[in-house]
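For reference, the chains in residue letters:
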Amino acid sequence: KEIEALIDAHASRQGSAEDHLGEQPYISRDEAQIVHGALQLYEKNISDSMTSIDRVFQLDWNDVYDEDLLLNIIASGHSRIPICLGDVDEYKCLLVKELLLLPKDILQMKMRIRDIEELSGLLRDMPIFLESSKKIDCINHMMNAMRHMALVMDTITENNTTVQTDDAPLLV
């Protein structure tokens, strides 16, 4: 809180940096907002910035990859798309740019996404975080693991241990 107050004090100074010669330079409102946002990464949970999975453009593992599906993917405007693997809580991530790099003949073959995955390994695993995880921890994990999307769950079962909260799956 002290750092935030100091940032606000510097951001509230008027004039340009030249007007304050001999004093510590001021910072702009935009810079202050960036610093405040960075400080909040340590305080806020990942669930504070998630989108419910039922509001996310997604594809099913059994969808057929053809021209219509490709047009829907492009129309969505998303560069990363969750692929449901059949179970409500089981997803992988599709990077659209990698889909577009596939040979054109795959489009004419009208294969299911699951079959394309078996041939090319196109889909990426998605880390799963508990809703109560801190934003900074999730960001660090995703950067280190080079992941582009994550699933945030209210319950995670691993090694016969279940951790639970109350809400529906969310997506980073």
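Residues numbered from 1 in each chain as written. Predicted model: local features only at pLDDT ≥ 70, side-chain atom pairs only at ≥ 80, totals over all residues. Heavy atoms only, no water.

### Description of the confidence of the model for the chain
Step number 1: Scored by pLDDT, the chain has a mean of 80; 81% of the residues are at 70 or more.
Step number 2: A low-confidence stretch, residues 159–172 (pLDDT under 50), is modelled with 49 contacts involving residues beyond four sequence positions or located in other chains. (pLDDT = per-residue confidence, 0-100. Contact = heavy atoms within 4.5 Å.)

### Things to note about the environment of serine 76
Step number 1: When you line up the elements, serine 76 lands in helix α3 (residues 67–76).
Step number 2: Beyond its immediate sequence surroundings of up to four residues, serine 76 is in contact with Phe57 and Ile81.
Step number 3: From its side chain, serine 76 meets the backbone oxygen of isoleucine 73 in a polar contact 2.6 Å long. (Helix = DSSP H or I, 4+ residues; strand = E, 2+ residues; numbered from the N terminus. Polar contact = N/O pair within 3.5 Å; in protein donor to acceptor, adjacent residues only side chain to side chain.)

### Quick word on the packing of helix α1 (residues 2–11) against helix α2 (residues 29–40)
Step number 1: At a minimum axis separation of 9 Å, α1 and α2 run at an interaxial angle of 170 degrees. On the basis of their axis angle, the class for α1 and α2 is roughly antiparallel. Between α1, through Ile3, Glu4, Ile7, Asp8 and Ala11, and α2, the contact on the second element is made entirely by Arg29, Ala32, Val35, His36 and Leu39.
Step number 2: By residue class, the composition of the contact of α1 with α2 is six nonpolar, one polar and three charged. (Axes fitted to C-alpha atoms, helices over the stretch in contact; angles between N-to-C directions. Parallel < 35°, antiparallel > 145°, perpendicular 65-115°, else oblique. Nonpolar A, V, L, I, M, F, W, Y, C, P; charged D, E, K, R; others polar.)

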